[in-house]
Amino acid sequence: MATLDPTGLSEAEAARRLQADGANELPQAGRRTAWRIVGEVVREPMVQLLLGAGLIYLVLGDVGEALVLMSFVLLSVGISVYQEGRTERVLDALRDLSSPRALVIRDGQRRRVAGREVVPGDWLVLAEGDRVPADAVLREAHELQTDESLLTGESVPVRKLALASGRPAPDVRPGGDDLPLVFSGSLVVRGHALAEVVATGARSQIGGIGQALQAIEAAPSTLQRQTRQMVRLFAVLGVGLSVGVTVLHGWSRGDWLQAVLSGITLAMSMLPQEFPLILTVFMAMGAWRLSRQRVLVRRGSAIEALGSATVLCTDKTGTLTLNRMTLAELHTPDQRWQAPPDAEAPDAALPEPFHLLLEFGLLASQREPFDPMERAFWALAERHLTEAERVHLHPDWQLAHEYALSPDLLAMSHVWQQPGRSEHVIAAKGAPEAIADLCHLPAAQREALRVEAEEMASRGLRVLGVARAHRDGPPPGVAWPPGQHDHDFAFLGLVGLIDPLRAGVPDAVARCRRAGIRVAMITGDHPATALAIARQAGLDTEGGVLSGAEVQALSEAELRQRVRHTQVFARVMPEQKWRIVTALQAGGDIVAMTGDGVNDAPSLKAADIGVAMGGRGTDVAREAAAIVLLDDDFDAIAQAVQLGRRIGDNLRKAIAFVLAVHVPIAGLTLWPLLMGWPLLFTPVHIAFLELIIDPVCSVVFEAEAAEPDVMQRPPRRPGAPLLTRAQMAWSLLQGAVVMVLVGGYHAWLLHQGAGTVLDERVARTGGFVALVLSNVGLILSTRTLSQPVWVALGRPNAALWRMLAATAVVLALVLGLAPLRELFQLAPLTWAQAGEVVAVAGVALVALEALKAIRALGAPRARPQ
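Let me begin by describing the structure that accompanies this report. (Residues numbered from 1 in each chain as written. Predicted model: local features only at pLDDT ≥ 70, side-chain atom pairs only at ≥ 80, totals over all residues. Heavy atoms only, no water.)

**Thoughts on the overall build of the protein**
Tallying secondary structure elements over the protein gives 30 helices and 22 strands in all. Counting contacts in the protein only where the partners sit at least 6 residues apart, residues at least 24 apart contribute 72% of the total. Accessible surface, the protein: about 37200 Å² in total, of which carbon and sulfur atoms supply 59%. (Helix = DSSP H or I, 4+ residues; strand = E, 2+ residues; numbered from the N terminus. Contact = heavy atoms within 4.5 Å. Areas by Shrake-Rupley, 256 points an atom, 1.4 Å probe, with all protein chains shown as cover.)

Okay, structure coming up:
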């Protein structure tokens, strides 16, 4: 082929096209601004009630109460803005901000430009190690091979052929050999080429994936939906009841402004605004615990959702495997050798009968290769040849000629000049059938070779044949023979290469399967390779393999049926991967999807939980995922599942506690209104209890250890209620006990006084402190559903003691500092009254424990196994 000498675009024309077509970069989703986050927080019902109450206090002239309520609003906004900013900063640290450089031809000169400045019509100069900056048609190529695993998921490089200049680029997708196009994001691992850019930015193959990402809306998790439904239910009940109370209070007492304030107080008491706050706290703590294991959580809701996952879909290349080809087996006509595992014999000497096979495999490879298979040959020599055996590397030999791989003969050869000798050594490697053809093997030997190669391939190995020949060099001025068939080759043997499993994968898969989670592998690789890797990883392979072509041909209903029984999917394109995920979701599954490549991004975003590999993973995959494994440790997924289930269990305990707490808060707000007594609680008390005391107490449940059977039981049923009816009834009963005891004590205090303002404050102080202490007793009782409280106290939980200390400090500040005491309209607590409130809380704890014992007696006993 004649060498092209293009002049390329002029700088002026390149600038014009850059202006017209835009920069060569993927569109990024806009960040949520601080003002947008503020708007979302202000739309929350509890915040609106706080703002309304604050405005009324301003109208009444009580600036202190108004400022306190406004401070609660600012606290909510500040927490939300900080959490969002923290997540984005961590993601920015992962993102490679430097634009890759590209070598282009412009005005007849080769020059380096930023990748984002490449435009359609540019001529690219590609060499080994280059990252392709845009989709381009090949106009000249010499032994070109590219790694397209980030786009296709297939770890083996693909061969490329040039297309004659002037011919239009065909409309083809990445994957497969002998295509005349290179694609943005792929890596040149062998050869060099000239290519004409045909698509940049959003119009490239990788850009199409980015546009698909923008079209996919991330749905809220089941837990978020259920929490919102519960908050809406209580909000409707609270608003309806508060409207009635407002009308009754205003009509009976004539003070409509105070009536509105009383109605807001009642609405706040019934609105379980702690649910979203507790959910945020649990997710933030879960993210912190995972971060200690080098797992970044981008969306906190994914943690609990991962605990409910029923299917884990995983990519093969770079996720289950290392995406690093390794030479695993050497087969001579008489013997075979398997590379020992790293942990067993990392530097074991290679037996002498296999030295010749490895030597000529190395001679058929580049000295400093980019091709992953050729790097595997050199890695094996580095590990298993002694210093004395390094003579097989022949560093003093010179490469005299090379024969490239071609579609007609899938083999390549290197011709080496030995110092001081006229005889040249020729090393060949390639497809086993091509090497057999070069060696002119008899039919029987060819058949035996075919059977052996197929057996190796069935175990997931990539099989190559190796041969050698000797020949004197041609006279000066005479070219080498044009074809490899002109040499007399002798067959040396077969080599088997594999992209090995990550070390912790089989154990992680087994843990997931014991936990009732189906593990499915979705890959762009060959079906036989996919099935072999699936067996090594411990996946269920009884359902066989479903190919991407079969997925494409199936209707939505047919695909939903097939994915229920198939765990291995091969030759799958990105849009087919997305269809598999959505088909699983349509069947009622909670889907977690792991991956690291650009081809994984749409399915990562569409899945209920997207898990990206952070070390090798692409920016596109990390942007689409909810969880990023910073060390690419697949075992961390099983740990995240366990933590998600622990969080789910403890979250339900916390929600049950909050539901129980709202019974006395709402009841003790409503009862004085109905009885015509002074109010026990004002909006400040409600906000203090619901936004500070209750969430602080709920942290105790977050720190509870996981249940022993957390990874031996099936996932929580998709769509199951956050709390069952029995659990809700139990929480309401617990709250009613506390309400009766604290309400009775408050009523007794009111009737002990003469009805003065001081007496009202004394009664309010007693009721308020008694409720806070009773809530502590409720936590102690709720930590375990069947065992007595002294057993629960023996379980380690440092957060419990921190909570007790924090509650004591907050109460001491509110009661001891005159400005705060005046703000809360409380009186100093006497020693006698302190004894009384402790006694009330103690009686409440005893009553709760008695109810728990009665409940345990009535529960059905487990049958003996």
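**Concerning the sheet that holds strand β13 (residues 411–417)**
With antiparallel pairing, the seven strands of this open sheet are ordered in space as β11-β10-β16-β15-β14-β13-β12. Edge positions in the sheet fall to β11 (336–338) and β12 (398–403), since each has one partner strand and no second. Neighbouring strand axes in the sheet, compared pairwise and without regard to direction, differ in orientation by 25° on average. In terms of strand pairing, strand β10 (residues 326–331) meets β11 through three bridges, oriented antiparallel. Each residue of the ladder has a partner; that of E329, found in β11, is Q338. Relative to the sheet, helix α13 (residues 372–384) contacts β10, β11, β13, β14 (423–430), β15 (462–472) and β16 (490–498), its axis offset from that of β10 by approximately 75°. (Pairing = 2+ DSSP bridges. Axes fitted to C-alpha atoms, helices over the stretch in contact; angles between N-to-C directions.)

**Details of the packing of helix α19 (residues 556–563) against helix α20 (residues 574–586)**
The contact between α19 and α20 brings their axes to 9 Å, and the two run at 80°. Judged by the angle between their axes, α19 and α20 are roughly perpendicular. Residue-level inspection shows E556, L559, R560 and V563 of α19 in contact with α20, the latter providing R579, I580, A583, L584 and A586. Here the contact of α19 with α20 is built from residues that sort into six nonpolar, no polar and three charged. (Parallel < 35°, antiparallel > 145°, perpendicular 65-115°, else oblique. Nonpolar A, V, L, I, M, F, W, Y, C, P; charged D, E, K, R; others polar.)

**A closer look at the environment of A763**
Secondary-structure assignment places A763 in helix α26 (residues 757–782). With relative accessibility at 0%, the residue A763 sits in the buried group. Put simply, A763 and H746 are 17 residues apart on the chain and 5.7 Å apart in space, counted from C-alpha to C-alpha. (Buried < 20%, exposed > 50% of the residue type's maximum accessible area, 1.4 Å probe, protein only.)

**So, the packing of helix α12 (residues 355–363) against α13**
Look at α12 against α13: their axes get within 9 Å of each other, and the N-to-C directions meet at 135°. Taken together, α12 and α13 sit at an angle that is classed as oblique. You can see that α12 and α13 cross each other, and the crossing is left-handed. Contact residues: α12 offers L358, G361 and L362, while α13 offers F377, W378, L380 and A381. For the contact of α12 with α13, the residue count by class is six nonpolar, one polar and no charged. (Left-handed = near helix turned anticlockwise from the far one by under 90°.)

**Side note on the layout of surface pockets**
Here the idea is plain: a probe the size of a water molecule rolls over the atoms and shows the empty space left. Here the second largest pocket is characterised by a volume of approximately 1100 Å³. Lining the second largest pocket we find 50 residues, and of these V156, A431, R462, V463 and L464 sit closest to its centre. When residues in the lining of the second largest pocket are grouped by element, the largest group, six residues, is from helix α15 (residues 443–458). In terms of residue class, the lining of the second largest pocket is built from 24 nonpolar, eleven polar and 15 charged. (1 Å grid on protein atoms, 1.4 Å probe; cavity = no way out; pocket = protein on both sides within 12 Å on 5 of 7 lines; lining within 4 Å. Points joined across faces, edges and corners; volume = space filled by probe spheres on them.)

**Comments concerning the pattern of salt bridges**
In this structure the tally under the stated criterion is 24 salt bridges. We note a salt bridge from E556 to R579, for which the minimum N-O separation is 3.2 Å. Of this pair, E556 sits in helix α19 while R579 sits in helix α20; the two residues are 23 residues apart in sequence, bridging distant segments of the chain. In this structure, the salt-bridge partner of R761 is E822, at a minimum N-O distance of 2.9 Å. With R761 in helix α26 and E822 in helix α29 (residues 818–823), this pair connects stretches of sequence that are 61 residues apart. (Salt bridge = Lys/Arg side-chain N within 4 Å of Asp/Glu carboxyl O.)

**Observations concerning the nonpolar core**
In terms of nonpolar packing, the biggest core is built from 131 residues, with I609, F634 and F768 touching the most fellow members. The greatest single-element share of this core, amounting to 18 residues, is contributed by helix α23 (residues 635–675). Non-local contacts of F768, meaning those with residues more than four positions away in its chain, are made with L680, F681, H685, F688, L689, L811 and L826. If you look at the next biggest cluster of nonpolar residues, it comprises 30 residues, including F377, L380, L385 and V466. (Core = buried A, V, L, I, M, F, W, Y, C linked by side-chain atoms within 4.5 Å.)

**Some words on the packing of aromatic side chains**
In total, this model carries four aromatic pairs according to the counting rule given. Pairing W671 with W677 gives two aromatic rings, centres 6.5 Å apart and planes at 85°, and the pair type is edge-to-face. We classify W671 as partly exposed; its relative accessible area is 45%. With a centroid separation of 6.3 Å and 45° between ring planes, the pair formed by F768 and F824 is classed as tilted. Here the residue F768 occupies a position in helix α26, and F824 occupies one in the loop between α29 and α30 (831–858), the gap between them amounting to 56 residues. Across the pair, F824 and F768 agree in class, each one buried. Between R855 and the ring centre of W730, over which it is positioned, the NZ or CZ distance is 4.5 Å. (Phe/Tyr/Trp six-rings, centres within 6.5 Å; stacked < 30°, edge-to-face > 60°. Lys NZ or Arg CZ within 6 Å of the ring centre and 35° of its normal.)

**A look at the sheet that holds strand β18 (residues 545–547)**
Pairing between sheet strands relies on hydrogen bonds along the backbone, with the strands arranged either parallel or antiparallel. The strand order across the open sheet formed by eight strands is β8-β22-β21-β20-β9-β17-β19-β18, and the pairing between neighbours is mixed. Of all the strands in the sheet, just β8 (295–297) and β18 have a single pairing partner and so form its edges. This sheet shows a mean twist of 20° between the axes of neighbouring strands, independent of strand direction. Across two bridges, the pairing between strand β17 (residues 518–522) and strand β19 (residues 568–570) is parallel. Looking at β19, one finds that I522 is bridged to F569. Each of β17, β18 and β19 is contacted by helix α17 (residues 527–537), which is oriented at about 150° to β19, the strand it contacts most.

**With respect to the side chain of E702**
Mapped onto the fold, E702 is located in helix α24 (residues 683–702). Its relative accessible area of 3% is what places E702 among the buried residues. When neighbours within four sequence positions are excluded, E702 is seen to be in contact with F282, M285, G286, R289, R646 and N650.

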